[in-house]
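Survey of secondary and tertiary structure
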Amino acid sequence: MTDISSTDALHARPRSGMSDRTISWLLTLLAALPILLFLVMPLAAILARSFDAPDGFGPGNFVAVFRTERFWLLVRNSFAMSIAATLIVVTAAYGYAYALQRTRVPLKPLLRIIVLTPLFAPSLVQAQGLLLLLGRNGILNRTFHLDINIYGFWGTVIANAIYAFPYAFLILSASLAVADARLYESAEALGAKPLRIFRTVTLPATRYGLAATCFIVFMLVITDFGNPMIIGGDFSVLATEIYNQVIGQAQFGLGAVIGIVLLVPAIFAKLIEKQLTRRQYALVTAQSKPLVVKPSFRRDAAFAVYAYLIAALILSVLVIVIVASFVRLWPYNMTFTLHHYEFDVQNGTRPLWNSVGISLATAVFGVAVAGLTAIVTLKVRNALTTPLSFLAILPSAVPGMVLGLGYVLAFNDPDNPLNVLHGTFALIVILGIYYNHAHAFLITSTSLRQISNSFDEASTMLGGSVLTTLRKVTLPLLWPTLLGVGVFFFMRAMVSLSAVIFLVTPSTQVAAISVLQLSDRGAVNQAAAFSVCIMAIVVFCLAIVRGVLWLAGAKDVTLVR
Amino acid sequence: MHLSIKNLVKRFGLVTALDNISLDIAHGSLVCFLGPSGCGKTTLLRVIAGLEDTNSGELRLGDTDLRRIPTRERNFGVVFQSYSLFPNMSAARNIAYGLECRGWRKTDIEARIREMLDLVHLADQADKLPAQMSGGQQQRVALARALAPNPSLLLLDEPLSALDAKVREDLRAEIRAVQQRLGITTIMVTHDQEEALAMADLIVVINNGRIEQAGSPRDLYERPATAFVADFIGRMNVLPLDTDSGQACVFGGIPLQVADNKAAPPRTLGVRPEKIALADAGTTGANVIPGIVRAVSYLGNLARIEIVPQSRPDTCLTVELHGAASVPAVRSDVVMSIPAEAFRVLQ
């Protein structure tokens, strides 16, 4: 037996390196500095630029923009289109989520995958598919000699509705998944009919989730750029106007003003959504009893028809893009060909590989950045951690185009020593990281919170430093989540369009922008082939990571969010 | 090395969690902090461990001022209530953790792991992950992990409260045996008075952030200083004395003889239920209180009888009869006889 009596016990102290206090401050600064450089500075740049009018510093740009007839038309267009799309999506997605959570519709896993497919593609594939189906040269107009005009308001609304559908579905599905069976049992015992139960029990229990979904969808749609660009025709919205002002006319000041105009409703929507989500969780108590859905033939049949119809609609838009990529000339010559996959246009397959490289880098560095920020805000206590956690979720309220414009304004400035980054892949990667930072940060910190604080305390008491604890305890427990976050970054970077549009140069072309440019030039088949490649890469990556997680026994990690 | 705490104060915002705590703990003893939940006992343990800061006061181990030593360099072993074994490491790796942090040689670490696993009788569980072990086994590994680096102080934060009753009793004996064998100064936090009585050399009863009383288990049971301690450790009848009689020690008009003499006139007396004897109705003499039986619970080897004194119907006394041949019926008249030595003056 070794001597445990404690005469010299205090001499057997753990090896001390840097003190934990020093380490925690270093970590905090390491997390805070890049956020200041790559999030706060671009936003400050866009704010500064919007007040930098031809007649000196002041609200001149705002006055000039607000005086134009066109601006108010764009505001009306944007709001009308976003509200219409929001109403359609939220209603349709509620029914779909209800079918999957509260009925016994067959083939639920398949329905779930289908509804999530729009997440695997850039936000212009929906418009692409709609045009192939209903456009001037769409298969319906050509085959049946019709004259359906999909361009404009309704085309944009439908394309955006499909684009936002999976987001709405995920939130509504989560809020319908929690239910207290005791409420339903007592309502039934009191003799309430199904419709009445829905109105008095189900709907009130999901009202916060429902409202939060409305704000999320509204924000996604009003800031979306790809779909109105492709299918809008003469119908312009605020998001496309920023692009036209900046790229078309080099009017950075006016672009910045519209960016701010877009940022304000987005921030409000985000704040309200956060409030609502907080209330949603308070509804479930520890005593709740999970609801078991009983079979009912009529209800299940009705919801099955509905869900399959929606799934078919979402899938058809996607499938038609895939089909179009394999035919000679849609819709005139429908013979099979692989010609469009030769990519003998523009830079060939370069943009695709650029995208893969950028996305991999975004995934690796994004995990490190978001992971570090989450660890610092949760495990370290000092004066900087509270403002840091606010900044960490700020990007969720910033539209991609606005952040992208901020990057151009900040890093194209010759006075900024960081302007060496302008026109490099590195800057696109950094933008990808900070554009998606909020979500990645939230996923990581939720997971970190589930790792009990007592592990940290146990490690400290055993003599482990902050870094030892991180290396030996926290990270080994966190890695499945971090892998999931990596997949999230990879997916978002692959399909990202609006954020990077201002940053790409001919030498740093990315795949999603190529699709836009090919579509713009009327090369619909090549554009479709490009989209298919993007989706294939995303699905391939998801499959690999799912396999890795399965082998490691971490089966409950959500990859698609 | 003995642990000395002086005038320790700890506040959380406006709440005072520890209110001027002073305490000396002798080397090699096992001390229990006992009290209801929220009384500050866990906070006191965490302050000693260094997991919480203090607002003021002194904390010394031997000649060392503990507040100047960073938490992780204090070299204290801690066992937490929730088994905080690292879930990604086997039992052996958990035990090795503290040794690796101290830069032990590999061969020494392996030897120490075997030694510690033998100590807690888990030699065959070395490669199991925490999730593959029972709660009792996990807590024994946690104990081994805490003891492996030769800590100068062992801190146990309700180590048994998450376990089943049977496992709890076994582990209670095992912890005490290991502690006595190693002679390590140990502090255990608990809300279970039975646990404290069974294990401790010294019990420190804490209430509302203050020490109510500190003493050996026997001291606390037989000579509780306050009504709180009296009630928290075992059962105690509390007799509020008459305030309008002008004399000392009058209860319901009956003058009482009390052996426990204190300078100030007492206001409250305590008496353990097993110290009260029942006599036939009509018995007279010193310290005899007539009453009516309100309820009787028969508990096998003992009967617990609640009696309302005739002259103080606002109170109720509990009497415990061990192995009594006959038990009085409900609503019958009885007489309670209490020896003068049985009374405790409570503050």
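Note that this is a predicted model, so its numbers are computed, not measured.

Calculation notes
Residues numbered from 1 in each chain as written. Chains lettered and ligands numbered in written order. Predicted model: local features only at pLDDT ≥ 70, side-chain atom pairs only at ≥ 80, totals over all residues. Helix = DSSP H or I, 4+ residues; strand = E, 2+ residues; numbered from the N terminus. Buried ≥ 20, exposed ≤ 12 C-beta atoms within 10 Å, placed from the backbone. Pairing = 2+ DSSP bridges. Axes fitted to C-alpha atoms, helices over the stretch in contact; angles between N-to-C directions. Parallel < 35°, antiparallel > 145°, perpendicular 65-115°, else oblique. Left-handed = near helix turned anticlockwise from the far one by under 90°. Contact = placed C-beta atoms within 7 Å. Nonpolar A, V, L, I, M, F, W, Y, C, P; charged D, E, K, R; others polar. Expected span 1.5 Å × (residues − 1). Bend = angle between axes of the 7 residues up to and from the residue. Core = buried A, V, L, I, M, F, W, Y, C linked by C-beta atoms within 7 Å. Domains from an automatic or database assignment.

Within chain B, the regular secondary structure consists of 8 helices and 20 strands. In terms of overall dimensions, chain B has C-alpha extents of about 80 × 45 × 35 Å along its principal axes. Counting the 347 residues in chain B, one finds 42% classified as buried.

Residues in a regular strand point their side chains to alternate faces of the sheet. Residues and elements named next belong to chain B. As paired strands, strand 15 (residues 277-279) and strand 19 (residues 333-337) are joined by 3 bridges and run antiparallel to one another. Following the sheet pairing, Ala-279 is matched in strand 19 by Val-335. In this sheet, strand 19 lies alongside strand 16 (residues 288-298) in antiparallel orientation, the contact comprising 5 bridges. Each bridged residue has a counterpart across the sheet, and for Pro-290 the counterpart in strand 19 is Val-335.

So, about the packing of helix 5 (residues 125-134) of chain A against helix 23 (residues 524-551) of chain A. Residues and elements named next belong to chain A. Here helix 5 crosses helix 23 at 140°, and the two axes come no closer than 11 Å. Classified by the interaxial angle, the pair formed by helix 5 and helix 23 is oblique. In the packing of helix 5 onto helix 23, the handedness of the crossing is left-handed. The residues of helix 23 that touch helix 5, namely those facing Val-125, Gln-128 and Leu-132, are Val-524, Ala-527, Ala-528 and Ser-531. Grouping the amino acids of the contact of helix 5 with helix 23 by side-chain chemistry returns 5 nonpolar, 2 polar and no charged.

This brings us to the sheet that holds strand 20 (residues 344-346) of chain B. Sheets are built from strands that pair by backbone hydrogen bonding, the pairs being arranged parallel or antiparallel. Residues and elements named next belong to chain B. One open sheet holds the 3 strands; their spatial order is 11-14-20, and the pairing between them is antiparallel. The open sheet is flanked by strand 11 (237-240) and strand 20, the only strands paired with a single partner. Here the strands of the sheet are splayed against their neighbours by 35° on average, with no regard to which way each runs. Two elements, strand 14 (residues 268-271) and strand 20, share 3 bridges in a ladder whose sense is antiparallel. For Leu-269, the partnering residue across the bridge sits in strand 20 and is Val-345.

Moving on to the packing of helix 3 (residues 69-102) of chain A against helix 10 (residues 207-223) of chain A. Residue and element names in this part refer to chain A. Direction vectors running N to C along helix 3 and helix 10 enclose 135°, while the axes themselves pass 9 Å from each other. By the angle between their directions, the pair helix 3 and helix 10 is classed as oblique. The interaxial crossing formed by helix 3 with helix 10 has right-handed handedness. The segment helix 3 lies against helix 10, with Ser-78, Ser-82, Ala-85, Thr-86, Val-89, Val-90 and Tyr-94 engaging Leu-210, Thr-213, Cys-214, Val-217, Phe-218, Val-221 and Ile-222. Within the contact of helix 3 with helix 10, the residues separate by chemical class into 10 nonpolar, 4 polar and no charged.

With the exception of glycine, the majority of residues adopt a negative phi angle, and the majority of peptide bonds are in the trans configuration. All names here are of chain B. Even without a glycine there, the phi angle at His-121 is positive, about 55°. With respect to the secondary-structure elements, His-121 resides in the loop between helix 3 (106-119) and helix 4 (135-147). Despite not being glycine, Asn-208 shows a phi value in the positive range, around 50°. Residue classification places Asn-208 among the partly exposed positions, given that 14 C-beta atoms sit within 10 Å.

Residues and elements named next belong to chain A. With 25 residues, helix 7 (residues 153-177) should reach 36 Å at 1.5 Å per residue; the first-to-last C-alpha distance of 34 Å fits that figure. A maximum bend of about 40° is found in helix 7 at Ala-164, where proline Pro-166 lies one to four positions downstream. Of all the 25 residues making up helix 7, 21 are buried; the element is thus mostly covered by neighbouring parts of the structure.

Residues and elements named next belong to chain A. Ala-164, Ala-168, Val-217 and Leu-431 are the most contacted members of the largest nonpolar core, which totals 167 residues. In terms of residues, this core owes the most to one element, helix 7, which gives 15 residues. Each of domain 1 (18-61 + 353-508) and domain 2 (68-296) contributes no fewer than three residues to this core. Here Leu-431 is in contact with Leu-403, Gly-404, Tyr-407, Ala-499, Val-500 and Leu-503, once residues within four sequence places are set aside.

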